[in-house]
Amino acid sequence: MTEWTNWSGLESARPLRVEEPTGTGAIVAAVQRARDEGSTVKMVGTGHSFTAISAPEGTMLRPTHLGGILAVDRDAMTVTALAGTQLKVLNAQLEALGLSLHNMGDIAEQTLAGATSTGTHGTGGVAASLSAQICGLELVTGTGDVVAASGTENPELLEHARVGLGALGVLTTLTFRVEPLFALEATETPMSWDEALDGFDERAAAHHHVDTYWFPHTDRLVVKTNDRLDDLDVAPLSRWRAWWDDEFLSNSLFGALNHVTNAVPAVIPRFNRLSSRMLSARTYSDVAHRVFTSPRDVVFREMEYAVPREAGLTALREARAAIDASDLRVTFPVEIRTTPADDIPLSTSSGRDSFYLAFHTHRDADHRAYFALLEPILRAHDGRPHWGKVHTRTAADLAPAYPRFAEFLALRDRLDPDRVFANPYLRRVLGD
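Engineer: Help me get a handle on the packing of aromatic side chains, residues and values and all.
Structural biologist: One pass over the full model with this rule turns up nine aromatic pairs. Residues Trp7 and Phe300 carry aromatic rings whose centres are separated by 5.2 Å and whose planes lie at 80° to one another, so their mutual orientation is edge-to-face. Of this pair, Trp7 sits in the loop between strand S1 (4–5) and strand S2 (12–13) while Phe300 is found in strand S17 (residues 300–308), placing the two residues 293 residues apart along the sequence. Relative to Phe371, the ring of Tyr370 lies with its centre 5.7 Å away and its plane at 35°, an arrangement referred to as tilted. In terms of burial, Tyr370 and Phe371 fall into one category: buried. A network of ring pairs unites the aromatic residues Trp7, Phe50, Phe300 and Phe332 as a single cluster. Sitting over the ring of Tyr402, Arg384 keeps its end group 4.8 Å from the ring centre.

What follows is the structure, encoded as structure tokens:
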């Protein structure tokens, strides 16, 4: 029997059957068979969700043959791709076409279906999440029907399925709004706690994208600002500097030192002070996707919450106070991002500008006490957990956090009445 395991190693499952469909017809057949048998189907991606949102019980579908761009409309400035395409593949193909997405997160390993269904996001910009850039899609419902959605055809489905959690159907294609290829200039600056927080709002307003990292047990942060350039005349990091900073320091050395500090937690504050000071200021520029994304070779676990933008700095200060008052020792920096509001019913930014706090631990460290310490603080500020990252929330307490939660459940009842796409995670967060 095949075992499915997610990237972090935190979740696993043993599906009864494994298939690699070559097209929509094969997906329809798998769904219809599972429905007839009273079983379930899950299309898995690359497993980069830290939750078991894509864990298969009955049939596991792999998107091995479901990648690539299908259509480009330069008049409408849209691109349609198969939903199993990895983001890094889409980025490379878009660059070859002289096109780009508006925004993205910092990892490019996920499939488009997985990244959008969980609400994966970047920071700043006009649209922060990949889902908010979707203008059309096609999926196979729990009854085996193939349904297309756009702004004029099944618009309710488009609204909800952009962050559909894998509960509404198997996505087969996604259509994104795109832009002419553009370049970003990135500036990374070490700052003190007071300097970074006192100027946070002004900095976020002055730059296109701002990403901030606080090193626990220190007074140090690194602030990364990304700003659009008027042309594609770029000055990327030298191959040596990129290897030294992003491969050796941030991955190889950081991973090795984590193995040591996990065994001797008392040295972690000193380790963090050293880490924060080894990252010097730097400025470079490149095409957008190479600035937005970076390699992540050190395996970790993560919890991320979105709180209302106005509550963000307060929540951050309270989180620091709780960490400082505890006996926990944390090696990974806390990531801080902001996003504009969107109109997607189950998006963590739905209806409000948001402030994201992401907490990480090394895969060999026990994340449970750390996340349990901070989750009540984030919940107290009306926080919404990232669907693909560790949290303890259930349908009962998630429903009040999303004004359109009941609409989503009603649509799920119509599209998947027999719960062909259910699994333990979805039963917890959506009910059954």
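Now that the structure has been shown, we can carry on.
Engineer: I'd like to hear about the layout of surface pockets, residue by residue, with values.
Structural biologist: The volume enclosed by the second largest pocket comes to roughly 250 Å³. Taken together, 16 residues make up the lining of the second largest pocket; nearest its centre are Ile268, Arg329, Val330, Ala365 and Asp366. With three residues, strand S19 (residues 354–362) is the largest single contributor of residues to the lining of the second largest pocket. For the lining of the second largest pocket, the per-class residue count stands at eight nonpolar, five polar and three charged.

Engineer: Report on empty space enclosed by the protein, specifying residues and quantitative values.
Structural biologist: Space left empty within the atom packing is revealed by a probe, the size of a water molecule, rolled over the atoms. For the coordinates displayed, the defined rule picks out three cavities of 30 Å³ or more. Taken as a whole, the largest cavity holds about 80 Å³ of empty space. If you trace the largest cavity, you find 17 residues lining it, with Ala128, Ser129, Asp342, Ser347 and Ser349 closest to the centre. Here the lining of the largest cavity is composed, by residue class, of eight nonpolar, eight polar and one charged. For the second largest cavity, the calculated volume is near 40 Å³. Looking at the second largest cavity, the residues that line it are Ser117, Leu139, Ala161, Gly164, Leu165, Gly166, Ala167, Leu168, Gly169 and Leu171. Classifying every residue of the lining of the second largest cavity gives six nonpolar, four polar and no charged.

Engineer: Account for the sheet that holds strand S7 (residues 78–82), with residues named and values stated.
Structural biologist: The sheet built from five strands is open, its strands ordered S6-S7-S11-S9-S10 with antiparallel pairing. Edge strands, defined here as strands with exactly one partner in the open sheet, are strand S6 (69–73) and strand S10 (146–150). When the angles between neighbouring strand axes are averaged without regard to direction, this sheet yields 10°. Taken together, the five bridges between strand S9 (residues 134–140) and S10 define a ladder with antiparallel strand orientation. Residue pairing in the sheet places Leu139 in a bridge with Val147 of S10. Against the sheet, helix H1 (residues 24–37) engages S9, S10 and strand S11 (170–177), with an angle of about 55° to S9.

Engineer: Describe the packing of helix H10 (residues 312–325) against helix H11 (residues 368–380), listing the residues and the values that go with them.
Structural biologist: Two numbers describe how H10 lies on H11: the axes approach to 10 Å, and their chain directions differ by 145°. Here H10 and H11 pass one another in a crossing that is right-handed. Each of Ala315, Glu318, Ala319, Ala322 and Ile323 in H10 lies in contact with H11, whose residues at this interface are Tyr370, Leu373, Leu374 and Ile377. Each residue belonging to the contact of H10 with H11 can be placed in one class, and the counts come to eight nonpolar, no polar and one charged.

What counts, and where the lines are drawn
- Residues numbered from 1 in each chain as written.
- Predicted model: local features only at pLDDT ≥ 70, side-chain atom pairs only at ≥ 80, totals over all residues.
- Heavy atoms only, no water.
- Phe/Tyr/Trp six-rings, centres within 6.5 Å; stacked < 30°, edge-to-face > 60°.
- Helix = DSSP H or I, 4+ residues; strand = E, 2+ residues; numbered from the N terminus.
- Buried < 20%, exposed > 50% of the residue type's maximum accessible area, 1.4 Å probe, protein only.
- Lys NZ or Arg CZ within 6 Å of the ring centre and 35° of its normal.
- 1 Å grid on protein atoms, 1.4 Å probe; cavity = no way out; pocket = protein on both sides within 12 Å on 5 of 7 lines; lining within 4 Å.
- Points joined across faces, edges and corners; volume = space filled by probe spheres on them.
- Nonpolar A, V, L, I, M, F, W, Y, C, P; charged D, E, K, R; others polar.
- Pairing = 2+ DSSP bridges.
- Axes fitted to C-alpha atoms, helices over the stretch in contact; angles between N-to-C directions.
- Contact = heavy atoms within 4.5 Å.
- Left-handed = near helix turned anticlockwise from the far one by under 90°.

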